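Fold and contact review
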Amino acid sequence: MRKPYDGVVLAAPVTVPYVRYSIRAAHWWLARAFAELLKASNLKKEEVDGLTVSSFTLAPDTAIGLTQHLGVSPRWLDHIPLGGASGIVALRRAARAVQAGDAEVVACVAGDTNHVDSFRLTLANFSQFARDAVYPYGAGGPNASFAFLTAYYMRTYGAQREDFGKLCVAQRTNALKNPHALFKKPLTLEEYLSARPIAEPLRLFDCVMPCAGADAFLVMSEDRAKALKLPYAKLLGTIERHNAFTSDPVQMRAGWALDRDELYRQAGCSPQDMDFAQTYDDYPVIALMQLEDLGFCGKGEGPAFVRKHSFTWDGSFPVNTSGGQLSVGQAGAAGGFLGMVEAIRQLTGQAGARQVKKAKLGLVSGFGMINYDRGLGSGAAILRC
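Residues numbered from 1 in each chain as written. Predicted model: local features only at pLDDT ≥ 70, side-chain atom pairs only at ≥ 80, totals over all residues. Heavy atoms only, no water.

**Description of the pairing of strand 3 (residues 76–79)**
Burial of strand 3 is one-sided: the residues Trp-76 and Asp-78 facing one way are buried, the residues Leu-77 and His-79 facing the other way are not. Of the strand pairs in this sheet, strand 2 (residues 50–54) and strand 3 are connected by 4 bridges, and their pairing is parallel. In the sheet register, Val-53 faces strand 3, and the bridge partner there is His-79. Taken together, strand 2, helix 2 (residues 63–70) and strand 3 constitute a β-α-β crossover, and its handedness is right-handed. (Buried < 20%, exposed > 50% of the residue type's maximum accessible area, 1.4 Å probe, protein only. Helix = DSSP H or I, 4+ residues; strand = E, 2+ residues; numbered from the N terminus. Pairing = 2+ DSSP bridges. Right-handed = clockwise from strand over helix to strand, strands pointing away.)

**Some thoughts on the pairing of strand 1 (residues 8–19)**
Burial analysis of strand 1 places 10 of its 12 residues in the buried class, the great majority of the element. For strand 1 and strand 8 (residues 232–242), the ladder comprises 3 bridges, and the chain directions are antiparallel. What sits directly across from Ala-11, in strand 8, is Tyr-232.

**Description of the environment of Gly-83**
On the secondary structure map, Gly-83 appears in the loop between strand 3 and helix 3 (86–100). Judged by relative accessible area, which is 4%, Gly-83 ranks as buried. For the pair Gly-83 and Met-369, spaced 286 residues apart in the sequence, the C-alpha separation amounts to 5.8 Å. Ignoring sequence-local partners within four residues, the contact set of Gly-83 consists of Phe-56, Ala-333, Gly-336 and Met-369. (Contact = heavy atoms within 4.5 Å.)

**Looking at empty space enclosed by the protein**
This structure, assessed with the given rule, holds 3 cavities of 30 Å³ or more. Its volume calculated, the largest cavity comes out at about 100 Å³. What lines the largest cavity is a set of 16 residues, among which Thr-279, Tyr-280, Gly-335, Leu-338 and Gly-339 lie closest to the centre. Those elements giving two or more residues to the lining of the largest cavity turn out to be helix 13 (324–328), helix 14 (335–347) and strand 10 (361–371). The dominant element in the lining of the largest cavity, judged by the number of residues it contributes, is helix 14, at 4 residues. A breakdown of the residues in the lining of the largest cavity according to their chemical character gives 4 nonpolar, 11 polar and 1 charged. Approximately 60 Å³ is the volume attributed to the second largest cavity. Every residue along the wall of the second largest cavity is listed here: Thr-15, Tyr-18, Asn-178, His-180, Asp-215, Ser-322, Val-328, Leu-338, Val-341, Glu-342, Arg-345 and Arg-354. Secondary-structure elements contributing two or more residues to the lining of the second largest cavity are strand 1 and helix 14. Per-element tally for the lining of the second largest cavity: the top contributor is helix 14, with 4 residues. A breakdown of the residues in the lining of the second largest cavity according to their chemical character gives 4 nonpolar, 4 polar and 4 charged. (1 Å grid on protein atoms, 1.4 Å probe; cavity = no way out; pocket = protein on both sides within 12 Å on 5 of 7 lines; lining within 4 Å. Points joined across faces, edges and corners; volume = space filled by probe spheres on them. Nonpolar A, V, L, I, M, F, W, Y, C, P; charged D, E, K, R; others polar.)

Structure below.
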């Protein structure tokens, strides 16, 4: 029987405002996030004795190299290079460290820079498997891979471009209430449908925009959060799975489908109890896959589920209330933290103009490290105010 997460909480959600391009290194963005954590919590640097770091552009440093840049001496340290799954994995490991007494306060930070050519260079060195697999197609990177997955999903389950568009338009509506979002203009369904092609059937607004930025949060005991007088969200349950369903010829499901019953058992609730969901959304198809695999609807019922709900912060079944990566931007590995910091804000009443009314329970899911035709990492967490 898995030990529960009793007494573990999340606090101090911070965002270093995103920018399209930056001449600064990832170290600067991560250090800014760490400094903002100290400011938000009134903690001294020496009181943060645990650290997790997620970044694609931190090389040649890892988390241990960053400690010297930050001038910290943690007694618990982890480097989590898992992309969109990083937020969930960082939370899980930090939570257990707090429970075990290996650390009292863990800073979970993620961030990346974005030089003019850094995204292309990251893709070229992302994975040996992916690099070899895409050569015969003459195209690499996530756009081509998710185009394959999107086309297959549409053929198999009858999804229309309007279904993906509805989700994108709803998230843009949410983003207009988020001062950190890079996209500041409303998006109509007509604009979504008529946008320029990227990789058939994907068009411009199906794809995340790479940018620079950082997100972070603290993990500690409930008693410590109360002593610091910090608003916090309680951790009820988490799951994590890597390289699931390897025999599937094309990825249409991921590890959530294997472990979701365990997630809801830990949390003592069901999908119908959630007041919102924060899904990893580098492309709309993966957001639908998460809604299905996490039990909000049956497999293949994602399109019907989309047609039924509004997904806006003030409507039915709020999803990605920050705007998600599709309308906020994808600051590298910080994309895996975006849903987590937004969930903490929603559950602690810090979401401002996009606050979901009476939000008590929320689900955050992560997905990352796509190798040609499938993402390898998946996870989810349920939080309560």
